[in-house]
Amino acid sequence: MGWMIFAGFCMVAIIVLFGWLVFISSDYAEAFAKKRNKKEESKKQKKAKQQNSKKSTKKTQPVAKPKIETKAKTKKVEHVEKSKTKPIVVEQPKPKKIRVIPVETKWEDVWTRTVSHQGEVFFTKMGIQFVYRLEGNESLIVSYPNDKEHILGKITKTQIENAFEIIKKCEGPTDLGPEYNFCSSYVYGILNDDRIIDYKD
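Quick caveat: nothing in here was measured; it's all calculated off a predicted structure. (Residues numbered from 1 in each chain as written. Predicted model: local features only at pLDDT ≥ 70, side-chain atom pairs only at ≥ 80, totals over all residues. Heavy atoms only, no water.)

1. Notes on the overall build of the protein
Part 1 of the argument: Assigned secondary structure in the protein consists of four helices and four strands.
Part 2 of the argument: The buried share of the protein, taken over its 201 residues, is 26%.
Part 3 of the argument: Excluding contacts between residues fewer than 6 apart, the proportion of contacts in the protein whose partners are at least 24 apart in sequence is 56%.
Part 4 of the argument: Within the structure as shown, the protein displays about 15,900 Å² of accessible surface, and the carbon and sulfur contribution to it stands at 58%. (Helix = DSSP H or I, 4+ residues; strand = E, 2+ residues; numbered from the N terminus. Buried < 20%, exposed > 50% of the residue type's maximum accessible area, 1.4 Å probe, protein only. Contact = heavy atoms within 4.5 Å. Areas by Shrake-Rupley, 256 points an atom, 1.4 Å probe, with all protein chains shown as cover.)

2. Things to note about the pattern of salt bridges
Part 1 of the argument: This model, assessed by the stated rule, comprises three salt bridges.
Part 2 of the argument: As a salt-bridge pair, E135 and K154 come within 3.4 Å of each other at their nearest N and O atoms. Of this pair, E135 sits in strand β2 (residues 129-135) while K154 is found in strand β4 (residues 153-156), placing the two residues 19 residues apart along the sequence.
Part 3 of the argument: Here E135 falls in the partly exposed class, since its relative accessible area comes to 37%.
Part 4 of the argument: Among the salt bridges present, the one from R195 reaches D193, with a minimum N-O distance of 2.9 Å. (Salt bridge = Lys/Arg side-chain N within 4 Å of Asp/Glu carboxyl O.)

3. A look at the pairing of strand β3 (residues 139-143)
Part 1 of the argument: Burial of β3 is extensive: five of the five residues sit out of reach of the surface.
Part 2 of the argument: Taking every second residue as pointing to the same face, both faces of β3 are buried, with S139, I141 and S143 on one and L140 and V142 on the other.
Part 3 of the argument: The loop that links β2 with its antiparallel partner β3 comprises three residues; one of these, G136, has a positive phi angle of about 65 degrees.
Part 4 of the argument: Both β3 and β4 contribute to a ladder of four bridges, which runs antiparallel. From the neighbouring strand, I141 faces β4, where its bridge partner is K154. (Pairing = 2+ DSSP bridges.)

4. Let's talk about helix α3 (residues 157-166)
Part 1 of the argument: Taken together, the buried positions of α3 are occupied by K157, Q159, I160, A163 and F164. The buried residues of α3 occupy an angular sector of 160 degrees when projected down its axis, which confines them to one face.
Part 2 of the argument: If you follow the buried residues of α3, they end up packed against α2 (107-116), β3, β4 and α4 (184-191). (Arc of directions from axis to C-beta.)

5. Comments concerning the nonpolar core
Part 1 of the argument: Core analysis: the biggest nonpolar cluster contains 28 residues, and Y132, I155, L176, V187, L191, I196 and I197 have the highest contact counts within it.
Part 2 of the argument: Element by element, the count of residues in this core is highest for α4, at five residues.
Part 3 of the argument: Beyond its immediate chain neighbours, meaning those up to four positions away, I197 contacts I101, P102, T105, V110, R113, F164 and L191. (Core = buried A, V, L, I, M, F, W, Y, C linked by side-chain atoms within 4.5 Å.)

6. A word on α4
Part 1 of the argument: Within α4, seven of the eight residues are buried, which leaves the element mostly enclosed by the surrounding structure.
Part 2 of the argument: Looking at the buried positions of α4, the neighbouring elements they touch are α2, β1 (122-123), β2, β3, β4 and α3.

7. Comments concerning the sheet that holds β3
Part 1 of the argument: Pairing in this open sheet of four strands is antiparallel, and the strands run β1-β2-β3-β4 from one edge to the other. Looking at which strands have only one partner, the edges of the open sheet turn out to be β1 and β4.
Part 2 of the argument: Of the strands in this sheet, β3 and β4 are in contact with α3, which crosses β4 at around 60 degrees. (Axes fitted to C-alpha atoms, helices over the stretch in contact; angles between N-to-C directions.)

See below:
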C-alpha cells in the first residue's frame, strides 16, 4: 500500500514538473521570438535609412554643366555709325569662276580706271550694290548708293594692288585672305568688273 502511494506521489510530481517545463519553454520561446523580431526590424530600419541617405546625396549633388567654348570673332571694321538703310541686292550675271586677265594689263592702268569710275555703282559677288569715293589718292571709302553718308569701310590702295596680283587665282572674296576682313567682297567686286579690267572671256 505504501509503494502505491509513493508511486502516485511520483507521478503527480512528474506531471507538475513536466507542466512547469512546458510553461517555461513557451515563455522562453516567446521571448526569443520577440527578440528576433526586434533584430529584424532594426535591420530593416537601417537599410531604409541608408537608402534614404543615398537618394538625398544624389539629389543634393550639383550637376556639372558642360562647358561650351565660344570663339569670339573679331572684325576690324571702320564704321562711323550704324545705318538703318538696307543694301540693294540685284541679280547679276555670275562671272566664270576664274576670269582670264590679259597679260598686258598693268597695275597703273587698273588704279587709274578705279579712280576714274568712283561714284559709279558696283556689285559684290552676291549682287549687293555699293559705291566708293577716293580719299587722299591712297584709299577708297565704300558706302551704299542710297546712303552715301554712311561709311561701310575703307579700302587702301595697297590692298587693291595686292589683290590684283592674286585675283586670277581667286574664285571668290574669301580666297583673297583673312587680312581683307569685311572689304574682301568690295575688292573682289571692283577687280572683277569689266570697267576696271578688260577681261577677255
